[in-house]
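Coordinate analysis (summary)
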2 protein chains.
Amino acid sequence: MVLHDDRDQSVLTLSPPYLLFLGDAPAANHAKTAFGLKDWAPELCIGEYGCGTAVSIGLPVMTPDEAHERGARSMVIGVVNLGGFIPDSWIAPLVRAMEAGLDIVSGMHGRLSDRAELADAASRLGRRLVDVRIPPAGIPIANGRKRSGRRLLTVGTDCALGKKYTALALTRAFRARGLAADFRATGQTGIMIAGSGVPIDAVVSDFVAGAAEMISPEASADHWDVIEGQGSILHPSYAGVSLGLLHGSQPDVIVVCHEPGRTSMAGLPDFAVPDISEVMELCLALGGRTNPAIRCGGISMNSSALGADEARRLMTKESARLGLPVADPIRGGEAFDALVDACLRT
Amino acid sequence: MVLHDDRDQSVLTLSPPYLLFLGDAPAANHAKTAFGLKDWAPELCIGEYGCGTAVSIGLPVMTPDEAHERGARSMVIGVVNLGGFIPDSWIAPLVRAMEAGLDIVSGMHGRLSDRAELADAASRLGRRLVDVRIPPAGIPIANGRKRSGRRLLTVGTDCALGKKYTALALTRAFRARGLAADFRATGQTGIMIAGSGVPIDAVVSDFVAGAAEMISPEASADHWDVIEGQGSILHPSYAGVSLGLLHGSQPDVIVVCHEPGRTSMAGLPDFAVPDISEVMELCLALGGRTNPAIRCGGISMNSSALGADEARRLMTKESARLGLPVADPIRGGEAFDALVDACLRT
């Protein structure tokens, strides 16, 4: 399932499906991006290809030529390297992929085009080098004008606790109910999954709200954009990114993502994770500036650290306390159906 | 008066005093930057120099050599050009300034170093080309840790209504009372006035709060940093910048800047300017995340559109309504003294 329909060409746009490149990964945890893509977008992942690794993510092993024959249009670097730079040993396989007809997609810190061998091959062969950490050019200043269509934004009590996963799960659930819905990506893995998007935290600050407006463009009145949130409105390092994304997204509905058991915020041992209700109320107050009809659909609880019974008890208790549906999208079930119902209620 | 003491070299750092370059400005309104510098930092402005303009800002006209002899260390481009790019006719005078021993400082969109003639001359002569729109390298992610020293941040109900002027006026007033105080610049004109700073709206969004932490570094307990605010927490285009700056600045005191009579927000005809109290309460609630002791010192009213009597009546009325001092720093007087008192009260 391709979760994005390419209405807007000014965001980054990739060419799926993908061959996943594993390089010379010394261990499976170096291939997090590849595993993530296989888990979240299996329909986009045709095979895997390495250059001296013993790691496999469980896809058919194939050469770039074979992958291209089976429909692949890009090779995604699915592995991280120390320092985030492209090592010499990857140049030959990357050039080989371009010769086979594939674009190269990277989420690494080092730019693909900074390696002359890659830039030359891309130019000679007419392939694209796509760095998903680099925002597209021409992002406008936000104009604040209300766009048609419906929008949901996942927000969080902290970073890295399930905002992307929640948005993906809600998009699938909306589609399963026959609704027109697109997942809208704002981070590098999300962009690879969606095939397009803008890495919002890499955008120059003046343009963040404008980028958010571009990510979920005007749509038909009953269409849903389900937007991947970033950071937290109460995270002292990243709250500005979260606020620009909130203003530009103009969500009709927010879903607050939370992971019980975290004692401090990501990267900041001195800051406690705020309460769900505090984040919810702040996002509703601030989001009302560009969409006065904003409301909270419910809570997405990342309960992966808890047993099934404990998770159920906590979610029931939190639901009663907050007066809203609380569900873990990975566990699914009736609780998640109730969350989807509440998001869609108009 | 140099309003900044150069404790931190990782922000942009200029070399005053300045010779102001007027180019071939066709009219006085093209030389806004030069007039601004002369008004706000006359002690930094040694003279003016043009290449075919009839405009004068009222400083002694002198050549780069004469300016260098009188102590100038940089020539600041004090004039705008259509499109923000450096025209061919400016190359010779800019090179001549470098030959005389001056750095070149520019706030234009086009980068100085993009002109090969300028880059070559700078490299040959050992001069610096400083683009104050370009943030310095190496800005860290914010860590949220409380820094010693006192901080005041000017915030606003909208853009471009006096946040820089208010911060400058408060810095001077604090110094006039014998306090150690530095003006901290976050925009290009402010950076030229202060001789250092970071253009916060040009920083990549993930690093805005980190840049704000860098702008007002650790200081002695009784030292005041008076920080130039940007945008407005309720401006749909720029609120993210304002929030990152608020979090990273960790202000003990905010002063809310307002211009009565504005009917809509800068650039957004559909958005009304919010009430002073709404901006104040939101900034106090959000700013409490990194400084729980944050409080509002009072209101800076840009009453330039009003007559003296009308301005006085309005400020008295608003002061009674809000329970806070309200003053126009340009008008000064007892009202401004009362605002300064309230900011300094501990």
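Thresholds, definitions, all that
- Residues numbered from 1 in each chain as written.
- Chains lettered and ligands numbered in written order.
- Predicted model: local features only at pLDDT ≥ 70, side-chain atom pairs only at ≥ 80, totals over all residues.
- Heavy atoms only, no water.
- UniProt positions renumbered as here; feature names shortened; annotations may be inferred.
- Helix = DSSP H or I, 4+ residues; strand = E, 2+ residues; numbered from the N terminus.
- Buried < 20%, exposed > 50% of the residue type's maximum accessible area, 1.4 Å probe, protein only.
- Pairing = 2+ DSSP bridges.
- Right-handed = clockwise from strand over helix to strand, strands pointing away.
- Least-squares fit on C-alpha atoms with pLDDT ≥ 70 in both.
- Contact = heavy atoms within 4.5 Å.
- Buried area = accessible area lost by both parts, 1.4 Å probe.
- Salt bridge = Lys/Arg side-chain N within 4 Å of Asp/Glu carboxyl O.
- Polar contact = N/O pair within 3.5 Å; in protein donor to acceptor, adjacent residues only side chain to side chain.
- Nonpolar A, V, L, I, M, F, W, Y, C, P; charged D, E, K, R; others polar.
- Axes fitted to C-alpha atoms, helices over the stretch in contact; angles between N-to-C directions.

Brief notes about the UniProt feature "domain: D-glutamate N-acetyltransferase-like C-terminal" (unreviewed entry) in chain A
The UniProt feature table records "domain: D-glutamate N-acetyltransferase-like C-terminal" (unreviewed entry) at residues 141-334 of chain A. Counting secondary structure, residues 141-334 of chain A comes out at 36% helix and 16% strand; the distance between its end C-alpha atoms is 42 Å.

Description of the pairing of strand β3 (residues 45-50) of chain A
Residues and elements named next belong to chain A. β3 sits mainly inside the fold: five of its six residues count as buried. Of the pairings in the sheet, the one linking strand β2 (residues 18-23) to β3 comprises five bridges and is parallel in character. Looking at β3, one finds that Phe21 is bridged to Tyr49. Traced from β2 through helix α1 (residues 32-40) to β3, the parallel crossover comes out right-handed.

A closer look at the relation of the copies chain A and chain B
In this structure, two copies of a chain are linked by a rotation about an axis accompanied by a shift along it. The operation relating chain A to chain B is a screw motion whose rotation component is 180°, with 0.0 Å of axial translation and a residual RMSD of 0.0 Å. In symmetry terms, the pair is related by a two-fold rotation axis. Of all interface residues in chain A, 100% are interface residues in chain B too; the two copies therefore contact each other through one and the same surface.

Some points on the interface of chain A and chain B
Counting residues at the interface gives 36 residues for chain A and 36 residues for chain B. Interface area, chain A with chain B, both sides summed: about 2,700 Å², of which 59% is carbon and sulfur. On the chain A side of the contact with chain B, Ser205, Asp206 and Arg289 of chain A bury the most area, a combined 24% of that side's loss. Our count for the contact surface shared by chain A and chain B stands at zero salt bridges. Our count for the contact surface shared by chain A and chain B stands at 14 residue pairs in polar contact (both at pLDDT 80 or more). Contributing elements (two or more residues each) for the side of chain A that touches chain B: α7 (208-215), α8 (239-249) and α9 (276-287) of chain A. The element contributing the most residues to the side of chain A that touches chain B is α8 of chain A, with six residues. Taken together, the residues of the side of chain A that touches chain B break down into 22 nonpolar, nine polar and five charged.

Looking at the sheet that holds strand β6 (residues 129-131) of chain A
All names here are of chain A. Pairing in this open sheet of five strands is parallel, and the strands run β3-β2-β4-β5-β6 from one edge to the other. Each of the sheet's edge strands pairs with one partner strand only, and the pair in question is β3 and β6. The sheet shows a mean angle of 25° between the axes of neighbouring strands, direction not considered. Here three bridges tie strand β4 (residues 74-77) to strand β5 (residues 103-106), and the two strands are oriented parallel to one another. Paired with Ser74 across the two strands is Asp103, which belongs to β5. Packing of α1 onto the sheet brings it into contact with β2, β3 and β4, and relative to β2 it is tilted by some 155°. Sheet contacts for helix α3 (residues 88-99): β2, β3, β4, β5 and β6; angle to β4, the most-contacted strand, approximately 155°.

As for the sheet that holds strand β4 (residues 74-77) of chain B
Residue and element names in this part refer to chain B. Here five strands make up an open sheet; going across it, the order is β3-β2-β4-β5-β6 and the pairing parallel. Two strands lie at the open edges of the sheet, namely β3 (45-50) and β6 (129-131), each paired on one side alone. For this sheet the average axis-to-axis angle between neighbouring strands, irrespective of direction, equals 25°. Sheet analysis places strand β5 (residues 103-106) next to β6, joined by three bridges and oriented parallel.

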